[in-house]
Amino acid sequence: MSKSLNTSASESEQTVAQVIDTIAATTPDVRHAVAEYRGQSNSVNPSGDDQLAADLRADELFEQRLLDIDGVATYASEERADVETTDGRLHVAMDPLDGSSNLEPNSGMGTIFGVYSERPPTAGTNLLASGFVIYGPITSMVVARNDQVREYILEDGDKRLVDDDVTLPEEPTVFGFGGGVDSWTDDFESVAEEIRYELKLRYGGAMVADINQVLTYGGVFSYPELQSRPEGKLRHQFEGHPMAYIVESAGGRSSDGAQSLLETAPDELHSRTPLYLGNADLIDRIESTVN
Ligand code: AFP
């Protein structure tokens, strides 16, 4: 590798590390926002979902702090229509508060992020790192980078490593399927019915928590193609890609129903995609049924 390529690779690595540390350091303020900004904002996000005041506050906090990092060129978020730009090399795409409809019942929610080498909308193959935070009984963070998945406990925004090699258990135990039986296609319903008898249901309404169940116990999470909505519900760039990168780095598989989600690119910044994530055998099985 030439010297300048070496330098740019190490600068990118440094920026990725700064992004991860900045997101960790912002989590105490996001937790505070979750408690303080519980009401509706009277606005909708670019995908048409109602925005809570906490969604907007979390988005504002991450935008300000991430764009302050020298190497970050753009900030894209589920909560804003356009990509915010400044000078830099890398690009961050986020769901600042995933599962915010869990705020009212005081259930789990989180933050999802991806760091890309190209400006979004872009393919999952351009991810350099991704991760999520869970604001549960404790605050934890899972980060995938350089083919390795690590889990941290966050204390006052500082990371404490608890697992330096998160790997999907070989024997799957849990499943979580979004959308509802009445909305599923016949193909998905048939394979879901089989899996229902093999695994234990875990579905919490926040992808962060449901994916962490799969990483912990093995299994499958899906928000599939729906009869009335072939594109499913979840956002390709903000939720699909980062989670696909984590699950694949942990030894599992991702699919949009036909191929790895990472091989795909959203048509537009806020496009949605059906998604299937988890142990490879289960994803192979679902893919061969729905495709
Ligand atoms: P909210 O952020 O609007 O609560 O949506 C959460 C989410 O995008 C994802 O985290 C969940 O897996 C999924 O939607 C839950 O959708 P359902 O409410 O349709 O089950």
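Residues numbered from 1 in each chain as written. Predicted model: local features only at pLDDT ≥ 70, side-chain atom pairs only at ≥ 80, totals over all residues. Heavy atoms only, no water.

Undergrad: Lay out the packing of aromatic side chains with the relevant residues and their values.
TA: In the structure shown here, the tally under the stated rule is six aromatic pairs. Between Phe177 and Phe188 the ring centres are 5.1 Å apart and the planes differ by 75°, which places this aromatic pair in the edge-to-face class. Pair noted here: Phe177 is in strand β11 (residues 174–177) and Phe188 is in helix α3 (residues 186–198), with a separation of 11 residues, a long-range link. Note on Phe188: relative accessible area 1%, which makes it buried. Residues Tyr203 and Phe221 carry aromatic rings whose centres are separated by 6.3 Å and whose planes lie at 5° to one another, so their mutual orientation is stacked. Within this pair, whereas Tyr203 is found in the loop between β12 (200–201) and α4 (207–217), its partner Phe221 is found in strand β13 (residues 219–223), the two being separated by 18 residues in sequence. Here a set of aromatic residues connected by ring pairs shows up, and it is made of Phe175, Phe177, Trp184, Phe188 and Tyr276. For Lys159, the ring lying beneath its charged end belongs to Tyr152, and the centroid distance is 5.0 Å. The ring of Tyr197 has Arg196 lying over it, and the distance from NZ or CZ to the ring centre is 4.8 Å. (Phe/Tyr/Trp six-rings, centres within 6.5 Å; stacked < 30°, edge-to-face > 60°. Helix = DSSP H or I, 4+ residues; strand = E, 2+ residues; numbered from the N terminus. Buried < 20%, exposed > 50% of the residue type's maximum accessible area, 1.4 Å probe, protein only. Lys NZ or Arg CZ within 6 Å of the ring centre and 35° of its normal.)

Undergrad: Please give an account of the pairing of strand β7 (residues 127–135) that cites residues and values.
TA: Within β7, eight of the nine residues are buried, which leaves the element mostly enclosed by the surrounding structure. Sheet analysis places strand β6 (residues 110–116) next to β7, joined by seven bridges and oriented antiparallel. Bridging from a neighbouring strand, Phe113 pairs with Gly131 of β7. As judged from the seven bridges shared by β7 and strand β8 (residues 139–145), these two strands associate in the antiparallel manner. For Ile134, the partnering residue across the bridge sits in β8 and is Ser140. Counting the residues that bridge the hairpin from β7 to β8 gives three residues. (Pairing = 2+ DSSP bridges.)

Undergrad: I'd love a proper account of the pattern of salt bridges, names of residues and values included.
TA: Evaluated as defined, the whole model comprises 16 salt bridges. Between Arg285 and Glu194 there is a salt bridge, and its shortest N-O distance comes to 3.0 Å. With a gap of 91 residues between them, Arg285 in helix α6 (residues 280–290) and Glu194 in helix α3 connect regions that are remote in the sequence. Take Arg285: its relative accessible area is 27%, and that puts it in the partly exposed class. Because the salt bridges share partners, they merge into one network encompassing Asp59, Glu63, Arg80 and Glu84. (Salt bridge = Lys/Arg side-chain N within 4 Å of Asp/Glu carboxyl O.)

Undergrad: I'd like a description of the sheet that holds strand β15 (residues 275–278), backed by residues and values.
TA: The sheet built from five strands is open, its strands ordered β12-β11-β13-β15-β14 with mixed pairing. Unpaired on one side and paired on the other, β12 and β14 (253–255) mark the two borders of the sheet. With two bridges joining them, β11 and β12 adopt parallel strand pairing. Directly across from Val174, in β12, lies its bridge partner Lys200. Packing of α6 onto the sheet brings it into contact with β13, β14 and β15, and relative to β14 it is tilted by some 20°. (Contact = heavy atoms within 4.5 Å. Axes fitted to C-alpha atoms, helices over the stretch in contact; angles between N-to-C directions.)

Undergrad: Summarise helix α2 (residues 53–67); cite the residues concerned and give the values.
TA: For α2, which comprises 15 residues, the first-to-last C-alpha distance of 21 Å matches the rise-based estimate of 21 Å (1.5 Å per residue) to within 8%. Turning to α2, its buried residues number three or more, namely Ala53, Ala54, Asp55, Ala58, Asp59, Leu61, Phe62, Glu63, Leu66 and Leu67. (Expected span 1.5 Å × (residues − 1).)

Undergrad: Give a detailed account of the pairing of β15, specifying residues and quantitative values.
TA: Burial of β15 is two-sided: the residues Leu275 and Leu277 facing one way and the residues Tyr276 and Gly278 facing the other way are all buried. Pairing between β13 and β15: four bridges, direction antiparallel. By the bridge assignment for β15, Phe221 is matched with Leu277. One ladder, built from three bridges, connects β14 with β15; its direction is antiparallel. Its bridge partner lying in β15, Arg253 is registered against Gly278.

Undergrad: Please give an account of the packing of α4 against helix α5 (residues 236–249) that cites residues and values.
TA: Viewed as axis vectors pointing N to C, α4 and α5 meet at an angle of 15°, and their least axial separation amounts to 11 Å. The orientation of α4 with respect to α5, classified from their angle, is roughly parallel. Both α4 and α5 take part in a crossing whose hand is right-handed. Contact residues: α4 offers Met207, Val208, Ile211 and Leu215, while α5 offers Glu239, Met243, Ile246 and Val247. Of the residues contributing to the contact of α4 with α5, the split by class is seven nonpolar, no polar and one charged. (Parallel < 35°, antiparallel > 145°, perpendicular 65-115°, else oblique. Left-handed = near helix turned anticlockwise from the far one by under 90°. Nonpolar A, V, L, I, M, F, W, Y, C, P; charged D, E, K, R; others polar.)

Undergrad: I'd like to hear about the packing of α3 against α6, residue by residue, with values.
TA: When two helices pack together, their arrangement is given by the angle between the helix axes and the distance between those axes. Put simply, α3 and α6 touch, their axes get as near as 8 Å, and they point 150° apart. By the angle class used here, α3 and α6 are roughly antiparallel. Here α3 and α6 pass one another in a crossing that is right-handed. In this structure, α3 contributes Asp187, Phe188, Ser190, Val191, Glu194, Ile195 and Glu198 to the contact, and α6 contributes Leu282, Arg285, Ile286, Thr289 and Val290. The class makeup of the residues in the contact of α3 with α6 is six nonpolar, two polar and four charged.

Nothing here speaks to function; it is geometry throughout.
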